[in-house]
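Letter by letter, the chains look like this.
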Amino acid sequence: MSYRLIVENGRAKRGRLSTVHGDIETPCFMNVATVGAIKGAVSSDDLLSIGTQVVLSNTYHLHVRTGDELIKKLGGLHSFMGWKGPILTDSGGFQVFSLAEMRKIKEEGVTFQSHIDGRRIFMGPEESIRIQSNLGSTIAMAFDECPSSKADRDYVKQSVERTTRWLVRCRDELERLRSLPDTINKEQLLFGINQGAVYDDIRTEHADIISAMDLDGYAIGGLAVGETHEEMYHILDITVPRLPRNKPVYLMGVGTPVNIIEAVRRGVDFFDCVYPSRNGRHGHAYTHHGKMNLKNQAYEEDLRPIEEGCDCPCCRSYSRAYVHHLLKAKEMLAMRLLVLHNLHFYNHLMEEIRAAIEEGNYDEWADKTIERMTENLP
RNA sequence: GUGGGUAUGGCGCAGUUGGCUAGCGCGCCAGAUUGUGGCUCUGGAGGCCGUGGGUUCGAGUCCCACUAUCCACC
């Protein structure tokens, strides 16, 4: 279990994280499968054909529906969903704050109501890690609080301090569980999460504190939640250099292709975002020339593939006009084809990013690619 | 044929006792969406109110005729 830096190009890193479920070439985009499935009728087999390296599932969602204990009993998440590669599980912290109602935050953890059936659930660091251990994911995320980007300074400060105390408890609990005989993944990794909203000093101080804990990786959370792109890039500029250079860095929930290219430039290794899958379900396709809305009338008679030269399962066989028709007819196949195209696009974008770093011309490649992506589509 | 009902944007409907630029849902045309509730939100286009006449300062609204359509009866 190790992260190795292969090539550096400015702050951009080309690395490899070796895990029990295989190597992850970084920078890497994790494909979001919240409840153990990519939404849009995409199977684990499909993922092999579109270059997926890592799947991301969610602690909160799997706990409130189906249940982590049942999944453990059935052999763990990997065998349950038929995916042999790495899985990262998000801790549920974000969902507790974004989905659940009537939550009460205390030092021990958070009491909230399930968005499924309204029942009261308590989740703290130990509960989150126990669930993630039951799921047997490759990488577990620390249980954190994601304060609103509009939260005032005093609140953010005390929230971040609590998140740090929760991180210590997460680490201790994972260490305890890893040594138990019936634990599914005894090599489970733990990433800590940096918070601090848009307050520079809280961000950097917190980065320093968690860096000293020698975790398997570090995430930056609480970004892309309402602040501007400039604010987000600024937080990366001041935070990433405080995190260990020889550990993977994960920017949570980000983002657009341009966001990712810019964040790699600032030293980020891991990404995840619902855009390719959610926007795919809603009719949007990502390309090297920007995002297109296939529902638009402009594509009604367009027999070209979504992107010339793309070898995804959609572009190989179907036209924009056909996808447009499927969307109008509300056929499930439209969602499936667009999600496959978008994830293929993201996964292969990361390949291009890795190649550019290896070739030593990342900045130049990034500028040129961003320019192309912000053109207006035909 | 007789009696009754209904005619308002593509579809389904609201429109007070006649009173300002005639509304709503769906659809259509666009735009948002960043650690996912197969959503949601925000804009926009589109109507000589079935036709013709009348009453009135003023008619989608009241009156007459016609046309179309629905229901019941013969």
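Use the structure listed above.
A quick note: this is a predicted structure, and the numbers were derived from the prediction, not measured. (Residues numbered from 1 in each chain as written. Chains lettered and ligands numbered in written order. Predicted model: local features only at pLDDT ≥ 70, side-chain atom pairs only at ≥ 80, totals over all residues. Heavy atoms only, no water.)

Q: Quick one: what's the story with the protein's contact with RNA strand B, residue by residue and with numbers?
A: In the vicinity of RNA strand B there are 41 residues, among which Asp90, Gln95, Val274, Ser277 and Met335 approach most closely. Counting only the atoms of RNA strand B within 4 Å of the protein, the fraction contributed by sugar and phosphate is 49%. One of the side-chain N or O atoms of Ser277 is found 2.2 Å from a base oxygen in RNA strand B. At the level of elements, helix H5 (93–98), helix H11 (275–281) and helix H13 (332–359) are the ones that each hand at least two residues to the surface near RNA strand B. Counting residues per element, the surface near RNA strand B draws most heavily on H11, which supplies 5 residues. (Near = heavy atom within 4 Å. Polar contact = N/O pair within 3.5 Å; in protein donor to acceptor, adjacent residues only side chain to side chain. Helix = DSSP H or I, 4+ residues; strand = E, 2+ residues; numbered from the N terminus.)

Q: Would you mind going over the sheet that holds strand S11 (residues 189–194) in detail, with residue names and values included?
A: Pairing is parallel around the closed barrel formed by 8 strands, whose spatial order is S4-S5-S6-S10-S11-S12-S13-S14. The sheet shows a mean angle of 30° between the axes of neighbouring strands, direction not considered. In the sheet, S11 pairs with strand S12 (residues 217–220) via 4 bridges, with the strands oriented parallel. Paired with Phe191 across the bridge in S12 is Gly217. Docked against the sheet, helix H6 (residues 125–135) engages strand S6 (87–90), strand S10 (139–141) and S11, running at close to 160° with respect to S10. (Pairing = 2+ DSSP bridges. Axes fitted to C-alpha atoms, helices over the stretch in contact; angles between N-to-C directions. Contact = heavy atoms within 4.5 Å.)

Q: Mind laying out the side chain of Thr204, listing which residues take part and the relevant values?
A: Topologically, Thr204 is positioned in helix H8 (residues 200–211). Here the side chain of Thr204 touches Asp201 through a polar contact of 3.2 Å, landing on its backbone oxygen. In this structure Thr204 touches Ile238 and Arg242, once residues within four positions along its chain are discounted.

Q: Please set out the environment of Asn259 residue by residue, giving values where relevant.
A: Take Asn259: it is sitting in helix H10 (residues 257–265). On the basis of relative accessibility, which here comes to 5%, the residue Asn259 falls in the buried class. A C-alpha to C-alpha distance of 27 Å links Asn259 and Leu327, two positions 68 residues apart in sequence. When sequence neighbours within four positions are dropped, the list of residues in contact with Asn259 reads His229, Met232, Tyr233 and Val254. (Buried < 20%, exposed > 50% of the residue type's maximum accessible area, 1.4 Å probe, protein only.)

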